[in-house]
Structure formats: C-alpha cells, structure tokens
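Descriptive analysis of the structure
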Amino acid sequence: MELSRIFIIIISASLINNFVLSRFLGLCPFIGVSKKMDSAIGMGMAVTFVLTLASIIIYLVNKYVLLALHVEFLRTVTFILVIAALVQLVEMFIQKFSPILYEALGIYLPLITTNCAVLGATLINVSEKYNLLESTAHGFGAGVGFTIALILMSSIREKLENSKIPESFKGAPTAFLAAGIISLIFLCFKGIIAE
Amino acid sequence: MVSLIIISTISIGILGILFGALLGYAGNKLKVEVDPKVQQIEESLPGANCGACGYPGCSGYAKAVAEGKAPITLCSPGGPETEKVIAEIMGVEHEEGATPPVAHVKCSGDNKTVKTNANYKGVLTCNAVHYTTQGDKACVYGCLGYGDCEEACPFDAIFVLEDGLPHVIEDKCTGCGLCAEACPRDIIEMVPRNAKIFVNCVSYDFGPDVSKVCKKGCIGCSLCARMTNNVVIKMEDKLAVVDFNEPYEGDSSVADKCPTKVIEFRG
C-alpha cells in the first residue's frame, strides 16, 4: 500500500501536476534553458538532484526546527535559506569530486538557487503533510517532471530553429505558444488517477 | 508576542550561522586546487584570442603551457616579451627568439594599374568573389580588395584603402598570420621584418597575358633573378619569387631595373 502511494506521488508530481506545465513553477529556466537539448538535460538532472535532496533536508528542518519551535510562519524564509545553502554545498561537492559533471552543468547549478520549482515543491510537501519518504518521492517526481518538460520543449525549439516562422513570431513568441500547447496536452493526464 | 519575536530571530539566526559555518567549512575542505600558473600565464598573454597559437583563445593556450603540453614560443602577437614572462613563470630557460614576422601584400594591382572587366554586384567578401565569379578585376591571381584580411585581423593592422589594395601597418602587425590564412588567393605572405626586397606580384601567366590585365605585374623576364644570381630572387615558372631565408645585400638597382616596377626595395 505504501509503495503504491509512493508511486502515485511520483506519477502525480511528474505528469499530472507537472511543475512547469500544470503548476507553472520554474518557468524562467523552462524558457531560458530549453534552446538546446544538451543543456536542457543537464539542467533537468541538476534540478532533480537538488529537489530530491532539498525535500529531505527541508522535511527535517520543518519538523525539528519550525514545528518544534512553533514558528511555522518562517517557512518561506527558512526554506529559501536551506535551498540556497544546499545548492552552494552541492556545487562545491560536484566541483571537487566530478569536475566533468561540474563543467557540464555550468551556470545552471547556481541558477537553481532561485528556481521557484524547488521552493514550490518543498512548500507543497509541507502543506500536503507528506512524511519523509513521501516528501522525497514528491521532490524526485517534481524533478523528473521538470526534466520531461524541458526535454519536450527543447526538442520542439530545436525543430523550430529550422522552420519558416513569420518574422514577428520568431523566438520567444513561438516558444510561448508551444509551451501553451504542451501545457494543454498535459491537462489530459488529469483523469489518470481517480482520487 | 515578544518571546515569539525572540524565538524566531534566534532560530533563523542559528540556522543561518549553522549553514554559514557549514558552507565555510565545506568551502575550505572542498577547495579545488587551480594551478596558479594558468592564471599568471593568461594574464601575461595579449588577450587578443587570435588563435595563432593553435589553441582556442589565450586561456586555452595558457592551460596547455601550464600543463607542459605546449611550447612557450607559440604566441606570436606577444612576441619575445611575452615569451620571457612565460619562461619566468614556468621556470624554464628562455631563448632569444627571432622577431615575429610581418604580413606583406604581394600584389600591386590597385584600382589604376589593374583592368576591370566587369561590374561586380554580389556578396562583398574576397572568399565569395574568389569561389564564384572571380570578381570585377581582370587578373585572376591578384588582390580582390574586399577586405577579408582586414576582417580577419584582430589588431587593426591591415586596411584596404581607397586604391583597392590592403596596406599593412607594420608597427601594429604582430605576425599572427590570420590575414594570410583569410586571403583566398594567398597574396599575403608572412615575411621577416628586416626583409629588404619584395616581388609584389603572384601572377604565373605569360608576360603578354600579364601586361594585358595589369600595368604592374611580373612578366617573367627573369632580369631580377639574373641580377641576384638566382639566390635571393628565383624564377618559379614565369614568376619571380623572393627567398626570404637569403639575406639581400644589394641596393635598389634590382627594383629600378624591373621593367614593370613590380619589385619593391626598402633601404
């Protein structure tokens, strides 16, 4: 039962309530880093990694600091603090132990600090009252969903590069249109799980 | 109410200090050693990123030198001074290298001397002209004058002037050779700075054919080659070519005797 619930959380976070396409979180990197497939995959991996880790740590911080001291209203501030510190730590760690991965991720790693998808996922963890395992699953699912959205978008934009587009629609306008259409398609996942 | 403020301030403060300490500790512990030589060398390079060394930009070359993969002599824009600095950083013996070469344009066919046989309207780069229509000038060897060399030069040392020929500002030229590479007709040659004599033509055609298209072209009379005993100036087929490895000791008589005045002498 527990396992199926975890599975449902992952599917729900990645497809049904896709962070980019249904919740409209993390739109900045979604538009900014989706021009090339390679960078989209790199960014997706980095976000997934940080989201999973942040979900675990923020669960602990929330439970043993905020709830214990009855200062829940400090959630947003504390979470941002934790995420920023975490991303910095992860960056140092990767730079030390895997320079290749560090160069591949490049600027995207520090960019995650200000990615609202991370903050959004952790805030949802808290409001849904997920336990540690569920929080981790939700964070991971959200990361996978983000990666899927980025890869979809980048494959479309790579195709768009070579197609004939009216002058005024070149660049961001077509990207926004495409994003809207993918978002509409993702609405179809809404019926998968009967709550 | 007051206790709430105190508790929240303290808890956030402690969290902040905790994370700060953690990051500081991690920053020390996980410090990545970057070779200080790389940065030093990069600072000593001219920073033009011309690519004359064969590496992608100055930082690429600095890295290769620091790792011992590249010799210290490859930076021609920097010249001997840069070499000296790099040698000091790397702790190797510095040999007094030769001065860098300078670009020289081997064509005299300016707007007045060379005939035009067409009115060219198209892409205005030498490369495009060379590989498509051969341009408006009648000579198929000479300078096209659309300034690919000017475009390629990172140091603003070569300019196509109103006469339709590129002119090298020798003080600015660092000898990187990018203009010579850019020229589709191989008119620009990298020559020693102390070179005295030049044949400013690259046309291999028969004399009459050369005279038909250009007033100042090498007609292959071989007078100059005979005057220098076939040492400094040699005949390559129907064109006189200067061998820059041979020092020229003579005076301007060779240039004066040249029937088409295509030989240039610098005292």
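Preceding block: the structure.
A brief structural summary.

Reading the values: rules and limits
Residues numbered from 1 in each chain as written. Chains lettered and ligands numbered in written order. Predicted model: local features only at pLDDT ≥ 70, side-chain atom pairs only at ≥ 80, totals over all residues. Heavy atoms only, no water. Helix = DSSP H or I, 4+ residues; strand = E, 2+ residues; numbered from the N terminus. Buried < 20%, exposed > 50% of the residue type's maximum accessible area, 1.4 Å probe, protein only. Core = buried A, V, L, I, M, F, W, Y, C linked by side-chain atoms within 4.5 Å. Contact = heavy atoms within 4.5 Å. Phe/Tyr/Trp six-rings, centres within 6.5 Å; stacked < 30°, edge-to-face > 60°. Lys NZ or Arg CZ within 6 Å of the ring centre and 35° of its normal.

Right, let's talk about unusual backbone geometry for a bit. Residues and elements named next belong to chain A. The phi dihedral of His-70 falls on the positive side, at around 60 degrees, and the residue is not glycine. Assignment of secondary structure puts His-70 in the loop between helix 3 (37-69) and helix 4 (75-97). The exposure class of His-70 is exposed, given its relative accessible area of 56%. We note that Lys-129 has phi near 55 degrees; this positive angle belongs to a residue other than glycine. Looking at the secondary structure, you find Lys-129 in the loop between helix 7 (116-127) and helix 8 (132-161). Here Lys-129 falls in the exposed class, since its relative accessible area comes to 72%.

Our focus in this paragraph is the nonpolar core. Counting residues in hydrophobic clusters, the biggest one holds 49 residues, and the most contacted among them are Phe-19, Leu-21, Phe-30, Met-43, Ile-112 and Met-153 of chain A. In terms of residues, this core owes the most to one element, helix 3 of chain A, which gives eleven residues. When sequence neighbours within four positions are dropped, the list of residues in contact with Met-153 of chain A reads Phe-30, Ile-31, Ser-34, Ala-175, Ala-178, Ala-179 and Ile-182 of chain A. Listed in part, the 24 residues of the second largest apolar core include Phe-155, Leu-165, Cys-183 and Ile-188 of chain B.

Once that is clear, we can look at the packing of aromatic side chains. By the definition in use, this model includes five aromatic pairs over all chains. Seen in terms of ring centroids, Phe-186 of chain A and Phe-189 of chain A are 5.3 Å apart; in terms of plane orientation they differ by 65 degrees. Their pairing is edge-to-face. Residue class for Phe-186 of chain A comes out buried when judged on its relative accessible area of 6%. Of the residues examined, Phe-189 of chain A reaches a relative accessible area of 25% and is grouped as partly exposed. With 6.1 Å between their ring centres and 70 degrees between their planes, Tyr-248 of chain B and Phe-265 of chain B make a pair best called edge-to-face. Of the two residues, Tyr-248 of chain B is situated in the loop between strand 7 (239-242) and helix 10 (253-257) and Phe-265 of chain B in strand 8 (residues 263-265); the sequence distance between them amounts to 17 residues. The exposure class assigned to Phe-265 of chain B is partly exposed, which follows from its relative accessible area of 25%. The cationic tip of Arg-23 of chain A hangs over the ring face of Phe-19 of chain A; the distance from NZ or CZ to the ring centre is 5.4 Å.

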